[in-house]
Amino acid sequence: FNARDSEDGNKALSHVELRDEAKTFLLAGHETTSTWCYWACYALAKYPDIQEKVFRDVRQACPSGPVTLATVEKMAYLEAFLQEVLRMFPPVG
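All of these numbers come straight from a predicted model, not from anything done at the bench.

> Even after reading the chapter, I still don't get the state of the cysteines, so can you show me in this structure?
Two cysteines, two sulfur atoms, one covalent bond between them: this is a disulfide. Under the defined criterion, the tally for this structure stands at zero disulfides. Free cysteine C37: the closest other cysteine sulfur is in C41, separated by 6.6 Å. By relative accessible area, which is 42% here, C37 ends up partly exposed. Residue C41 is classed as exposed on the basis of its relative accessible area, which comes to 53%.

Structure representation (structure tokens):
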């Protein structure tokens, strides 16, 4: 990697520093994602009509096969729902 110290752009990060930075990114990303998932599950449980619309959107995009990235990209209602969850319950204040 070409990771450099932010204070001295010529000094390369050591393996330990690079590992520590990677751990920080992974943990921070995991926390916000898990918080987002928590609120999405909460919203689906609280609003069964929305849950039904999300379910129909998923079944329409992949009626018999596995859920793939290509099928997820076709789920407009699911995307709108997840964006609304982020708006209502932002994982980062």
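The discussion continues.
> How should I be thinking about the nonpolar core in this particular structure?
If you look at soluble globular proteins, the nonpolar side chains tend to sit buried side by side. Counting residues in hydrophobic clusters, the biggest one holds 10 residues: A40, A43, V54, A61, C62, M75, L78, F81, V85 and F89. Mapped onto this core, the elements with two or more residues apiece are α1 (15-46), α2 (48-61) and α4 (76-88). Broken down by element, the residue count for this core peaks at three residues, all from α4. Filtering out sequence-adjacent residues up to four positions away, C62 remains in contact with V67, T71 and M75.

> Explain the packing of aromatic side chains here, please?
How two aromatic rings sit relative to each other is set out by the distance from centre to centre and by the angle between their planes. With the rule as written, the count across this model stands at four aromatic pairs. Between W39 and Y42 the ring centres are 5.3 Å apart and the planes differ by 85°, which places this aromatic pair in the edge-to-face class. Of the two residues, W39 and Y42 are both situated in helix α1; the distance of three residues between them amounts to about one turn of the helix. Judged by its relative accessible area of 25%, W39 is partly exposed.

Thresholds applied
- Residue indices begin from 1 for each chain and proceed along its sequence in written order.
- Where local features are concerned, this predicted model is filtered to residues with pLDDT of at least 70; where side-chain atom pairs are given and counted, the filter is 80 or more; whole-chain, interface and lining totals use all residues.
- Calculated side-chain values reflect all of the structure's heavy atoms, with hydrogen atoms and water omitted.
- The definition used for a disulfide is geometric: two cysteine sulfur atoms within 2.5 Å.
- Using a 1.4 Å probe on the protein chains alone, a residue whose accessible area is under 20% of its type maximum counts as buried, one over 50% counts as exposed, and one in between counts as partly exposed.
- By nonpolar core is meant a set of buried Ala, Val, Leu, Ile, Met, Phe, Trp, Tyr and Cys residues that side-chain atoms within 4.5 Å join together.
- Numbering of helices and strands starts at the N terminus; helices are DSSP runs of H or I of at least 4 residues and strands are runs of E of at least 2.
- Whether two residues are in contact is decided by their heavy atoms, any of which lying within 4.5 Å being enough.
- Any two of the Phe, Tyr and Trp rings considered here, Trp counted by its six-membered ring, make a pair once their centres fall within 6.5 Å; the pair's planes then place it as stacked at under 30 degrees, edge-to-face at over 60, or tilted in between.

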